[in-house]
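Here is how the chains run, residue by residue.
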Amino acid sequence: MRKFITKIALYTFFILLIGNGIAFLSLYVLGKSQLYKNQFVKNGVKEKRFDYVVLGSSTGLTTLDTKLIDKTLNTSGLNISMDDTSLSSHYLMLQYFLSLGKTTDQLILCVTPGDLQNPVNELNNNDYRFLTEVQDTLVYNYYDKMEQNGLKVLTYSKFMPILGVSYYNNELFYSSIYAFLKPTKRNRFDEKGNYTYPQIANHIEKGIDTNIETSYLNPSFLKIKKLCKQKGIDLIVYQSPIHRKNVIFPNTKDFKIINHSTILPEELFYDNIHVNSKGRTFCTLAFCKEIKNP
Amino acid sequence: MLFNSIEFLLFLPTVFFLYWFVFKNQLRAQNVLLLVASYIFYGWWDWRFLSLIIASTFLDYFIAIQLGKTDVSKKRKFLLGISLVGNLGMLGFFKYYNFFVTSWIEAWSSVGITMEASTLNIILPVGISFYTFQTLSYTIDVYRKEMQPTKSFIDFAAFVTFFPQLVAGPIERASHLLPQFYKNRTFDYQNAVDGVKLIIWGMFKKVVVADNCAFFVNKIFENPEAYSSGELFVGMVFFAFQIYGDFSGYSDMAIGISKLFGFDLMVNFKFPYFSRDIAEFWRRWHISLSTWFRDYIYIPLGGSKGSQWFQIRNVMIIFLVSGFWHGANWTYVAWGLFHALLFLPLLLFNLNRSHLITKSYGWLDFAKIGVTFLVVCIGWVFFRADSISDAFQYLAHMFELKSLGLSLFYKTNANLMIFGLSVLAVGILSLQELFWVIKKRDLPKISAFGALLLVLLIFFMGSFKNQMDFIYFQF
């Protein structure tokens, strides 16, 4: 029995040593790359000061084209949106962006009505992308707060990287091999952080015109607002088009709202909540117009 | 509680520690511990399920005691009848009630008679088919006077609920497993090491092979019309490996965990995809179930004795019952029938035992293995499809050979990644098993280095995020 226990302990130690070594290397390589948005912001963006940044989920990533905005308004902007995320991740991304010593005059926060009024924040599908920064207290605390149930694989990755890397092996381990081979490769977004859906409109589900009322109940939204105030950043809340939906925001003087929920013709949608490439140009120019002539 | 869950990762070492350190050399205390642990393990799904298994345990314990007390044939038959009605009644009610009601209504509606009946919102207790057959084997063996009834309720209850194999087998015979609860168990280093290696191998089959393949299988079987013939073919082959990895992986883990506690369970799979005909496949696939049917149904029916019509009848019964055992759906019956039709020619031409002796494998054998595998894969389409018509549509679309494109597997980076992992996993499994088959082994034999490598492969190739339940739990 003694021999068995000793051997099991020894082999477990050995496996954890090798496994954590591989996982650590994997996160290290990924952390030096530009594959995901947070690594891109850290390693791929040299500029420190921006006139504005666009922050949001997939709608933020694909609706406003920062290249076109910069060309039209003669500004310097960056898109730091990450798909499949929500306001809690946006708050983390904003904090992370600022922690890198970067600044912005304006924050264009792309919201969705459901997320904005959601009082409960949970871990988002793509939050694992921050795992390369798990040693950073900011990220560690975020994971610790968001991972409520079961084994906190992301949180405990600070001490045992194999937990997160094996759980998200497709997304992190194999991506790190790819990043090792192509360290400057970005995950589908351009050098300004934008992504666009193709010029097709075949994913739209028919519906009827509806009003959606939203409210500012999301605690992360309130934190973003507070952080912007602290850092002297102008907050602009942007609502991208939603097919046949009119989003109604409560009146506020705390920040500017640009509501494009109803401006887009049907043929410029990619699906019900995303615009196609022509739709992106349409929305971006409309956005610039509102910024120029408020 | 799943073997591949965090709870079990804490549960197993705790029970192991108590078993070998706290209750060492205390047979009765060890058996009580195993019983309590098994109830916790089973009750983890839903504590209400415990009432059924406890009822089944009491029923067969007392019936067997009564059988041991009497030699009166009528009384013995009556007692056996109570056990059969009680056990099969519970199984029938929880597993088949809704199926029979809806099938009855559909049958009448097909001839224009509309009937109304309500189905019940019944939850199928996990593993009910497995433990029902296990307890029945005990009562039948006592009835046949092939074994003595046990006087110890604890030993019997621990045998019925033995957690490593409780919910998905192997379905143990009382004559094999129950006596192991009577004997003092001493820790055997080599046995425990072999057990750990089997657990690792089983985990690899489940988490790496089955769960990765499941990603595409679920997509393809959900909407087969949307995919090309090539994709449907891959989906079919992936399901063959999913169900094999899932089920045999569980069996390997069950055998391995049992070894840690000093128990020996029967081998349930002997590399079935290296069978040279269907008869050999059934000697290698889910052995504990096929031998159960052989011993308790096929042979009592007359087996392969008697006229050809009798033989055909017996084979048809055994395969149809086997199919129906798997689930309350006609697809399983169709799957059983499909195998019966493949088996019958072998039986009629006396070829069903041509591959009993494992000799060296020649090229012809490998060709036979390939053909048998493809035929088995076609059978799996019936097993996996939601309905028989869905299965036929799947096969028709696959054999149309309109398009052999495989774009599904490289449509997105994630798909390409998972496809690559699935192919790699299936490749590792197949090559490793081929090696064992050539070496004429019945059980996996893994070196220490191999086990280490497998653990790393589980970590870095396992599908943890898209973890699936064990398929056979639903049976």
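Predicted model only: the values in this text are computed from it and were never measured. (Residues numbered from 1 in each chain as written. Chains lettered and ligands numbered in written order. Predicted model: local features only at pLDDT ≥ 70, side-chain atom pairs only at ≥ 80, totals over all residues.)

Chemist: I'd like to hear about the overall build of chain A, residue by residue, with values.
Modeler: When you go through chain A residue by residue, the secondary structure sums to 11 helices and seven strands. On C-alpha atoms alone, chain A measures out to a radius of gyration of 21 Å, which is about the 19 Å that the 2.2 N^0.38 rule sets for 294 residues. The dimensions of chain A, computed from C-alpha atoms along their principal axes, are 75 × 45 × 35 Å. For chain A, the proportion of its 294 residues judged to be buried stands at 44%. Expressed as a percentage of contacts within chain A between residues at least 6 apart in sequence, the contacts between residues at least 24 apart total 74%. (Helix = DSSP H or I, 4+ residues; strand = E, 2+ residues; numbered from the N terminus. Rg over C-alpha atoms; globule rule 2.2 N^0.38 Å. Buried ≥ 20, exposed ≤ 12 C-beta atoms within 10 Å, placed from the backbone. Contact = placed C-beta atoms within 7 Å.)

Chemist: Could you give me a rundown of the confidence of the model for chain B, with the residues and numbers involved?
Modeler: In this model, chain B carries a mean pLDDT of 90, and residues with pLDDT of at least 70 account for 97%. In the predicted assembly, ipTM is 0.86 and pTM is 0.89. (pLDDT = per-residue confidence, 0-100.)

Chemist: An account of helix α1 (residues 6-22) of chain B is needed here, citing residue identities and associated values.
Modeler: All names here are of chain B. Spanning 17 residues, α1 covers 24 Å between terminal C-alpha atoms, matching the ideal 24 Å at 1.5 Å per step. Leu-12, Val-15, Tyr-19 and Trp-20 are the residues of α1 that are buried. Buried residues in α1, looked at end-on, bunch into an arc of 105°, giving them a common side. Set apart from the buried face of α1 by more than 90 degrees, the exposed residues are Ile-6, Leu-9, Leu-10, Pro-13, Thr-14, Phe-17, Phe-21 and Val-22. Looking at the buried residues of α1, the elements they touch are α2 (27-43) and α9 (229-260). (Expected span 1.5 Å × (residues − 1). Arc of directions from axis to C-beta.)

Chemist: Lay out the nonpolar core in plain terms, naming residues and giving numbers.
Modeler: Grouped together as the largest cluster of nonpolar side chains are 195 residues, with contacts concentrated most on Leu-55, Ile-108 and Leu-109 of chain A. The element that contributes the greatest number of residues to this core is helix α8 (residues 189-222) of chain B, accounting for 19 residues. A domain split of this core shows at least three residues from each of domain 1 (6-186) and domain 2 (191-276 + 355-474) of chain B. Not counting chain neighbours up to four residues away, the residues in contact with Leu-55 of chain A comprise Gly-60, Ile-80, Ser-81, His-90, Met-93, Leu-94, Leu-107, Ile-108, Leu-109 and Cys-110 of chain A. (Core = buried A, V, L, I, M, F, W, Y, C linked by C-beta atoms within 7 Å. Domains from an automatic or database assignment.)

Chemist: So what's going on with the domain arrangement of chain B? Residues and values would help.
Modeler: Residue and element names in this part refer to chain B. Here the domain parsing of chain B yields domain 1 (6-186) and domain 2 (191-276 + 355-474). In this structure, domain 1 and domain 2 have C-alpha centres spaced 29 Å apart. On the side of domain 2, 17 residues touch domain 1, which itself brings 17 residues to the contact. At the level of secondary structure, the elements contributing two or more residues to the side of domain 1 that touches domain 2 comprise α1 and α7 (174-182). With three residues, the top contributor of residues to the side of domain 1 that touches domain 2 is α1. The residue inventory of the side of domain 1 that touches domain 2, partitioned by class, reads nine nonpolar, six polar and two charged. (Nonpolar A, V, L, I, M, F, W, Y, C, P; charged D, E, K, R; others polar.)

Chemist: Can you lay out the environment of Gln-230 of chain A for me, pointing to particular residues and giving the numbers?
Modeler: Residues and elements named next belong to chain A. Position of Gln-230 among the secondary structure elements: in helix α10 (residues 219-231). For Gln-230, a count of 9 C-beta atoms within 10 Å translates into the label exposed. Along the sequence, Gln-230 and Asn-170 sit 60 residues apart, while their C-alpha atoms lie 39 Å from each other.

Chemist: Break down the pairing of strand β5 (residues 234-239) of chain A for me, citing the residues and quoting the values.
Modeler: All names here are of chain A. Note: strand β3 (residues 103-111) against β5, six bridges, orientation parallel. Considered in β5, the bridge of Leu-107 is made with Leu-235. Bridging between β5 and strand β7 (residues 256-259) involves four bridges; their strand directions are parallel. Residue pairing across strands places Gln-239 opposite Asn-259, the latter belonging to β7. (Pairing = 2+ DSSP bridges.)

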